[in-house]
Amino acid sequence: MSSIKLHNIDLKYQIYNERGIKDFFVRDTKNEALDNKYIHALRNINLNLRDGDRLAIIGHNGAGKSSLLKVIAGIYPVSGQVTVDGRIASLFELATGFEMEATGWENIKLRGLMLGETPKKMSEKIQDIAEFSELKDHLNIPVKYYSSGMFIRLAFSVSTSIEPDILLLDEVVAAGDAHFLQKAQKRMNELIDRVKILVFVTHSMQSALDFCNQCIWLENGEIKLSGTTNEVIKAYNEYYNSSDNKLSEGNGNVND
Ligand SMILES: Nc1ncnc2c1ncn2[C@@H]1O[C@H](COP(=O)(O)OP(=O)(O)OP(=O)(O)O)[C@@H](O)[C@H]1O
């Protein structure tokens, strides 16, 4: 039985102003005013997911969707309680976490181990992963010589080869060129079908409806509405189609 429980989650990002050479000569009172500010990215988030739950997270740019995904993945320390039971696969920010001096082959093994596979399992899977990536001879060279599309192919191929209980997915996984994208989409759909819990950040209402049975709508870091995907998307569309709310897009979560 897998589960995700979030209790009273609160996340603030501190903003640090980088000081350049200009600041030695010019006193910029406007910049000073920005020091010691923070962005209140998530407030009072409570969530309870179990096997069979497929949750879409929707909301405008800067609403806190990716931050929430990262909190569930355990990337950010937060105030509140995060309890996750089950093996997680994260499909976002795919191109980070490579060992730049290591070859493609070595990175496949390393990432597999990082994702919780045993060395034996990785030896069994490595040929399939390599084949799916279609990187061929490039797998023999250090990944510092890869293009960004090649990074994504490699990371996607490994990340989707494991058998997670929980899948954390950001729709902005653009996996290489059109041919690879099509293959990747199929592999992703199969993975979505297999996992016990899906948490899916998306701007596409159709994707939310296709893949998810539950939905939360985030606004300024708070859950504005949660319910079935149908209910929440209907309310979201009605809210933003009403002329009164068209101007209220954007974020007001920068604070002293
Ligand atoms: N690493 C960071 N450091 C500081 N602020 C951050 C960081 N990441 C996100 N933020 C801020 O936190 C808020 C929420 O950002 P987040 O990326 O979670 O939103 P989002 O809903 O995923 O947006 P989008 O739809 O544009 O991807 C924004 O105001 C953003 O500026």
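Rules behind the numbers
Residues numbered from 1 in each chain as written. Predicted model: local features only at pLDDT ≥ 70, side-chain atom pairs only at ≥ 80, totals over all residues. UniProt positions renumbered as here; feature names shortened; annotations may be inferred. Axes fitted to C-alpha atoms, helices over the stretch in contact; angles between N-to-C directions. Helix = DSSP H or I, 4+ residues; strand = E, 2+ residues; numbered from the N terminus. Parallel < 35°, antiparallel > 145°, perpendicular 65-115°, else oblique. Left-handed = near helix turned anticlockwise from the far one by under 90°. Contact = placed C-beta atoms within 7 Å. Nonpolar A, V, L, I, M, F, W, Y, C, P; charged D, E, K, R; others polar. Near = placed C-beta within 6 Å. Pairing = 2+ DSSP bridges. Buried ≥ 20, exposed ≤ 12 C-beta atoms within 10 Å, placed from the backbone. Arc of directions from axis to C-beta.

For the protein, an unreviewed UniProt entry supplies the name ABC transporter ATP-binding protein and the organism Paenibacillus oceani. Regarding the protein, the UniProt comment filed under Sequence similarities (unreviewed entry) reads as follows: "Belongs to the ABC transporter superfamily."

Visitor: Where do I start with the packing of helix α4 (residues 104-114) against helix α6 (residues 148-159) in this structure?
Guide: Packed helix pairs are characterised by how far apart their axes lie and by the angle those axes make with each other. Viewed as axis vectors pointing N to C, α4 and α6 meet at an angle of 40°, and their least axial separation amounts to 10 Å. Relative to α6, the element α4 lies oblique. Judged by the sense of rotation from one axis to the other, the crossing of α4 with α6 is right-handed. Along the contact surface, α4 presents Gly104, Asn107, Ile108, Arg111 and Gly112, while α6 presents Leu154, Ala155 and Val158.

Visitor: Could you clarify how one ought to interpret the packing of helix α5 (residues 119-133) against α6 in this entry?
Guide: Where α5 contacts α6, the axes come no closer than 9 Å and their chain directions differ by 140°. If you check the angle between α5 and α6, you find them oblique. Here α5 and α6 pass one another in a crossing that is right-handed. Every residue of α6 that contacts α5 at Ile129, Phe132 and Ser133 is listed here: Arg153, Leu154, Ser157 and Val158. Per-class residue counts for the contact of α5 with α6 are 4 nonpolar, 2 polar and 1 charged.

Visitor: Would you mind showing me how to read the site of the ligand here?
Guide: Around the ligand sit 13 residues, and of these Tyr13, Asn61, Lys65, Ser66 and Ser67 come closest. At the level of secondary structure, the elements contributing two or more residues to the shell around the ligand comprise β2 (38-50) and α3 (65-73). The leading source of residues in the shell around the ligand is α3, at 3 residues. Of the residues assigned to the shell around the ligand, the class counts are 4 nonpolar, 8 polar and 1 charged.

Visitor: Can you help me understand the sheet that holds strand β3 (residues 54-58) in this one?
Guide: Hydrogen bonds between backbone groups are what pair the strands of a sheet, and the pairing can be parallel or antiparallel. Reading across from one edge, β5-β6-β7-β3-β8-β9 is the order of the 6 strands in this open sheet, with mixed pairing throughout. Two strands close off the open sheet at either side, each with one partner strand: β5 (88-91) and β9 (222-228). Averaged over all pairs of adjacent strands, the angle between strand axes in this sheet comes to 15°, irrespective of strand direction. As defined by bridge partners, β5 adjoins strand β6 (residues 166-170) across 4 bridges and the pair is classed as parallel. When the bridges of β6 are listed, Leu91 appears paired with Leu169. Packed onto the sheet, helix α9 (residues 229-241) meets β3, β8 (214-219) and β9 and runs at close to 130° relative to β9.

Visitor: I'm lost on the pairing of strand β1 (residues 3-14) in this one. Help?
Guide: Each regular strand shows side chains that alternate between the opposite faces of the sheet. Where β1 meets β2, 9 bridges bridge the pair, whose relative direction is antiparallel. When the sheet's bridge partners are listed, Lys12 is paired in β2 with His40.

Visitor: Where do I start with the environment of Gly149 in this structure?
Guide: As for its placement among the helices and strands, Gly149 is situated in helix α6. Placed 47 residues apart in sequence, Gly149 and Ala102 show a C-alpha to C-alpha distance of 17 Å.

Visitor: Just to check I follow, could you spell out α4 for this structure?
Guide: The α-helix advances 3.6 residues per turn, and as a result positions three or four apart in sequence lie on the same side. Within the sequence span of α4, burial applies to Gly104, Asn107, Ile108, Arg111 and Gly112. Down the axis of α4, the buried set is contained in an arc of 130°. They therefore lie on one face. Taken together, the buried residues of α4 touch α5 and α6. Where α4 terminates, the next one or two residues include Gly116, which has phi positive at roughly 100°.

Visitor: Would you take a moment to explain α3 for this structure?
Guide: Of all the 9 residues making up α3, 7 are buried; the element is thus mostly covered by neighbouring parts of the structure. Of the residues making up α3, those classed as buried are Lys65, Ser67, Leu68, Leu69, Lys70, Val71 and Ile72. Just downstream of α3, Gly74 is the residue with a positive phi angle, here 80°.

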